[in-house]
Amino acid sequence: MMIAPPPAYAELQVTSNFSFLRGVSHAEELVTQAKILGHRAIAITDHNSLAGVVRAHVEAKEVGIKLLVGVRLDLQDAPSMLCFPRDRRAYGRLCRLLTMGMLRGEKGDCFLWLDDVFGPENGGGENQVFIVVAPEDATPQELVDTFAPALNGIRNKAVEDALVFLAGHRVYRGDDERRLATLSDLATAHGVPLVATNDIHAHEPGRKPLQDVLWCIREHCAVAQAGFRLGVNAERHLKAPTEMARLFAEYPDAIARTMEVADLVTFSLDELRYEYPEDVVPPGETPQSELQRLTWLGAKDRYPDGVPDKVRGLVEHELELISALQYASYFLTVYDIVRFARDRDILCQGRGSAANSAVCYCLGITAVDPDRIELLFERFVSAERDEPPDIDVDFEHERREEVIQYIYDKYGRDRAGMTATVISYRTRSAVREVSKALGLSQDVAGALVGMVWRSLKDEHTDAYIREAGLDPADPRLRQVLDMSRELRGFPRHLSQHVGGFVLTRGPLSEVVPISNAAMEDRTVIEWDKDDLDALGILKVDVLGLGMLTCIRKGFDLISDHYGQSFDLAKVPAEDPGVYDMLCKGDSLGVFQVESRAQMTMLPRLKPRTFYDLVIEVAIVRPGPIQGDMVHPYLRRRNGEEEAVYPSKELEEVLGKTLGVPLFQEQAMRIAIVGAGFTPSEADGLRRSMATFKRTGKIHTFRDKFINGMAARGYDRKFAERCFKQIEGFGEYGFPESHAASFSLLVYVSAWMKCYFPAVFACALLNSQPMGFYAPAQIVRDAQDHGVKVWPADINHSDWDCTLEPLHDQAAVALRLGLRQIKGMREDAANALMRERDGSYRDPYDLWRRAALRPGQLEVLAQADAFASVGLARREALWAVRALGDSPLPLFAASNHVAPANAEVSEFYEPTVSLPHASLGEEVIADYLSLRMSLKQHPLALLRPHLGQTNPAMQLNETATGSMINLVGLVTCRQRPGTASGVIFITLEDETGVANIIVWPKVFEHYRKVVLSARLLGVRGEVQREGLVIHVIAKRMVDLTPRLAAIAQPDNAPPPRAVGVSSFRSRDFH
Amino acid sequence: MLGMALADARALVPDIDATAADPAGDAKTLAGLAAWCGQYTPWTSPEGADGPVGAGVWLDVTGCAHLFGGEQGLLEDLVGRVESLGFDARAGIADTPGAAWGITRFGKGRIQIIAPRSTRDALGDLPVAALRLPTMITDGLDGLGLRRVGDLYDLPRGPLAARFGTRVADRLDAALNPGSEPVSPLVPVPERREQMAFAEPIGLLEDIERGLEALLVDLCMRMDRESVGARRVDFTLYRVDGGIARARIGTSRPTRDAHHLARLFAEQITDLDLGLGIEVMAVSVPSLEPLVPEQMALADRTQPGQRNNQSSPDPASVAPLVDRLINRLGSHSVVRLTQRQSHIPEHAAAEIPAADDPVKSDTSTTTLPIARVPGRGSRPLRLFPRPQSIQAVAPVPDGPPALFRWRRVLHRIARAEGPERIAPEWWRTSLPWDAPWEAATRDYYRVEDEEGRRFWVYRKGLYSGPDGDGHEPTWFIHGQFA
């Protein structure tokens, strides 16, 4: 029997979900489905947008189908048209056209007219294919009456050689035959050949409910009320070519023409690769020669005693590779940005795959000495993987804007732009929107949304629903959850990436459309960094990092007070004292290793070298934890288990980490070496991990990976663990190259904490908000390390915290800055500092000279900042309360014309004796204003009233397994996503800090206490892990009301509000 | 906790019972309570809640207490009865309103009485908030350690005023010195009301009807002047024995036609229990809507001989009939048809209560011109309430039937157009969520048989091909064209 070959067909009218709230399938799904159905090619034509084409492009290359990059131009004065650029230049013009339309409106708008499309800006439409789309709602008669003239208008406007077609698709309204016949007649009459399409909105018909829901989200209504706004049927999905041929049986030419169009369009996004700017190359030099010159120049700087042979070899090798791959311009561009920052004394540090190269060290992009660490350059920039290099640069967060402005100045806004971030539906937002669209009442929707905050796992859904007081069998709820799962990962809108810069050689608007961002005067491109990555377009992440600000401030303070100058590279390397400190878990405030999980890990991992820190940074991450890699590594490291390697090849990959994969690069290498992935497959795996919620492809990778490893003789269990780890990386990938850069900051901040504790605390306080800990804990920690801390005072404090020399010693004391005072304004503090001129005599003097508003004077009085003029808090408050609203005009003061009422209240008022404040009241007032007290710890005051309790200090002498009763202020509550529901609480009392662990069962029982107590009593079991002591909570009690007792004076009611709210913890980082 | 976000509260107590704040409702309840307190003294006045301090009612009980066995007795009676109404109640009596306010809210017991001339001692230990001071001031005093009212007694007034204004001193004086602060009584809510009193109790139905009509005429003239119309009218009869009888009518459109209103009442007043007779009767309008002035009809519409020969359904002329039907049968028994936005033909119309304002109902029932629904094919003149099963022969997968049998008659199709494909409304809970929903999709065809009769038929279920899920499409007829 002869089987006729399926007709050749390409779908040309395809709306993906990047036409927000219209399309109902991911670009990847559409492309894959087209391939499966046997389409010869597929187009992506989102509405006035190219946001989804890169994903489609990547997917199309992977599954092997031709992609037509296109757009659906929705015009203000004419029917919509699909537009396909045939070559790079036509594509550039299309981008420019879209940019023009987008910049005319608000974020998300695009206003275009027919004259724009065929106007000079778009080269008259030269070399572009247009397919006019007939309005779907029009009856055949209306097509003749109104659409035909419009079609004629388009035909007349289009330049002679512009290719114009007419799309026809079935609408299933009952009159399709008449409709198609009419369109066919119009096509003949106006010389615009008919092309068959199916106006695709979904890759398969099952998405119709979700499509209705999306429509409702867009229209802000519920499905039951949406009425005729919803589509009448589900036909707008991809259909097999044979089916398309059947539906267009009377118009075989229209089917054949789809291939004609597909063949006309030869443009591929691959043509956009590597259009690096070359501004950074001086005349007469090539990028490569310039890079070599600068690199060797830098090397001389870095190694004044001569470049070590090892480094010289590395540099030569890397330069060779860079030359072969033509990456020189990229390195020069990054170098230029870093050089600018260095000139301005802005501390910065590069990271990313290429950042930890010897070349980058010589160029000053990174301060990680290649002599100190073994990182193979090929692993990051590899010829075979054909991947662009990746360098992110962190800058001091307070000065990042200067760098951004420099980049704009240097490249101009037409060549530098901010990367987009695709904001996608997360579980919560999906549930919320779907609930609304399905008409659930607000409280049911609220309960559902509230339910998913604990990272909903499917198998637990029913229990959670029941717990939320809802019925899991309710079909409406199941609809909501099913559709929320589908909606999760759908792009919702484009936002601006925090620091992603894209730089191009030619105008940026000819590479990618640019639109207005929500922020005033900001524009943003339509692609995110994965898209740019996939296309190899140069991007540099200019990020802000609080710790760099802190370190720079620390270096400045060291130079001011100790006369020694340091920078990132000059800090003494491999100092045993620093490692001793870290091994004790004494890392409050130290970059990256200050979290509870890290503090626990430090004494177990016992870092002694720089590379140990690299591992330390990478190991407490979702990847290794989910892959169950942590314990095997620790056992091997502590010699409890032998380091065995699954195979010879993998020994090379895993040698540095004792056979346990910890880094993202290693997981990728395992896929290649162990499971037989090609490098580009491994890359596809990594990408699909990052986006695994978007597409369901993970399973095919999973099978391939595990079977691949099993086939090569590896243990299936090991393979599964490796894969689990890769899944973990998807959520929060942590490559070795990033860990190495971060580790330098770990080391430097730890070094500063170790040898200059006052400096470190001061710099940390002045860089707030950042990190895990509140100022009170930073101050407490500094005091524990022997630093004298002095209170904020009008005559001694600046806005920032400062260091003051101690009379008799070489040490310095930390003086709290006015910034620590709640409600203090920076401009008021500056006025105070400017006019101080030695010192202020009294509140009146301060008011007169610094012209502070009464509110700010009161804030200072509340903070007890008048001690140096001999006024206690209440006296100061009484005094400032009398000062008038308007400060004195300056001339009045100079003429000694005293303002009547101020002078009167200051000098002639009867003295008033206010109730004396007890120590407890002072402490509470300190907490109210400063969230800490230097006078006494509240627990010391409470202790006599607490009965049988143990101070935290006693933990050190308590045997493992025994029970202990602790009471303390809750300073921190954490529920790490990696710890499966375990909650960490940090309690602080007058003797120290205790780490409490609350298991989920206990939490459920004491939920309210755990979440709301500020003063917490815990009865629990002591557990030791090396030097770290935990208390496993068994019973808990909320003692918050007891705080009121502290402030109890002899016979008066306690202060209002008791300041309970000021004992705030930092919760759930 | 006051000021906590609901989301935070939910995190703490997942099954928290949340109710939206209803200040208007609270105020109404409080006003009602103040009126209820009128049995203790004519002088009562509500005071709304302010932050954490509870709401209250002022009572001026000067000279009233002896009726209840003294002040203690009065408070016990009052608190007991208010609590039996379901409120948490505290009460206090003092020489001054200020002191009473403070001791009630900040004193130690449910019932507090400050003996005459001992206010100063009684207030001394209360927190300064007992002086009805705004939080800003009490916070300020708190910072200075001035927490008790007594702390303020000896402070020099000048410096205190320089720092906190005269407010503190004023409040202190008001609390300590009787006579400075009056209590304003509850003012009745103004309403459109007409009242008529009789020298002798009346009891005859005709008299009541005559009186009602007179009241309604007055009421309607007044509403006419004010350009309003009534949506509800209450008729209250105060009986000799202290009881009341009440009748209430509602109208579908605002009206001020006294005759029409009287007819509506006529249905009800025969059932009223008049007891021993009526002393006072009143009509009042609790619900008003604007109604523009209109030309009075020259002749009463209901007079014989006058015919409304326009067949167009003038809503004004239908409305009185609708009103009468509604008042007799109940509002849900009188319905009218409205169009509903649904692609499913039999769902495209709905019955709504005739009294409902068509504009106010939800968007799905808004009327869209039937001729022009975007993306919809034409509909037959006669649509069967339920589709009827037929046997049909048609080409697969989506061809129109070549012939079909309906009610034992065979129809051969000469002409056909279609399909119009209509997907099911999947969100209706009656539809199984997991069902292959292609099975419920309909393909409608307009067909004409060889005798020229035209039908609207559909196939339920799409052909899923040989490897489909096994459901077989079935055929129905759903309507006839003219």
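How each quantity is defined
Residues numbered from 1 in each chain as written. Chains lettered and ligands numbered in written order. Predicted model: local features only at pLDDT ≥ 70, side-chain atom pairs only at ≥ 80, totals over all residues. Heavy atoms only, no water. Helix = DSSP H or I, 4+ residues; strand = E, 2+ residues; numbered from the N terminus. Buried < 20%, exposed > 50% of the residue type's maximum accessible area, 1.4 Å probe, protein only. Contact = heavy atoms within 4.5 Å. Areas by Shrake-Rupley, 256 points an atom, 1.4 Å probe, with all protein chains shown as cover. Pairing = 2+ DSSP bridges. Domains from an automatic or database assignment. Axes fitted to C-alpha atoms, helices over the stretch in contact; angles between N-to-C directions. Salt bridge = Lys/Arg side-chain N within 4 Å of Asp/Glu carboxyl O.

1. Quick look at the overall build of chain A
A tally of helices and strands in chain A yields 45 helices and 23 strands. Scored against the burial criterion, the 1069 residues of chain A give a buried share of 60%. A separation of at least 24 residues holds for 73% of the contacts in chain A among residues at least 6 apart in sequence. Of the roughly 41,600 Å² that chain A leaves accessible, carbon and sulfur atoms contribute 50%.

2. What about the sheet that holds strand β17 (residues 812-815) of chain A?
Within the open sheet, the three strands sit side by side as β15-β17-β16 (chain A). Their pairing is mixed. Only two strands of the sheet have a single neighbouring strand rather than two, namely β15 (789-790) and β16 (802-805) of chain A.

3. What about the domain arrangement of chain B?
What the domain assignment lists for chain B is domain 1 (22-176), domain 2 (192-290), domain 3 (334-368) and domain 4 (382-480). With centres defined by C-alpha atoms, the gap from domain 1 of chain B to domain 2 of chain B works out at 43 Å.

4. Considerations on the pairing of strand β5 (residues 128-133) of chain A
Residues and elements named next belong to chain A. Burial analysis of β5 places six of its six residues in the buried class, which makes it a mostly covered element. Relative to β5, strand β4 (residues 81-85) is paired through five bridges, and the arrangement is antiparallel. Along β5, the bridge assignment pairs Phe 84 with Val 129. Both β5 and strand β6 (residues 163-168) contribute to a ladder of five bridges, which runs parallel. Directly across from Val 132, in β6, lies its bridge partner Leu 166.

5. Observations concerning the sheet that holds strand β2 (residues 41-47) of chain A
Residue and element names in this part refer to chain A. In spatial order, the strands read β1-β2-β3-β4-β5-β6-β7; together these seven strands make up an open sheet with mixed pairing. Across the chains shown, the open sheet's two edge strands, defined by having one partner strand only, are β1 (10-11) and β7 (194-196). Lying over the sheet, helix α10 (residues 252-264) contacts β1, β2, β3 (66-73), β5, β6 and β7, oriented at roughly 95 degrees with respect to β7.

6. Let's talk about the pattern of salt bridges
This structure, assessed with the given rule, holds 80 salt bridges over all chains. When the shortest N-O distance is used, the salt bridge between Asp 115 of chain A and Lys 157 of chain A registers 3.4 Å. Of this pair, Asp 115 of chain A sits in helix α4 (residues 114-117) while Lys 157 of chain A sits in helix α5 (residues 140-157), and the two are 42 residues apart along the sequence. Salt-bridge contacts for Arg 147 of chain B lead to Asp 142 of chain B; the nearest nitrogen and oxygen are separated by 3.1 Å. As far as burial versus exposure is concerned, Arg 147 of chain B and Asp 142 of chain B are alike and both buried. By sharing partners, the salt bridges in this structure join Glu 235, Lys 239, Glu 243 and Arg 246 of chain A together with Asp 398, Arg 421, Asp 443 and Arg 459 of chain B into a single network.

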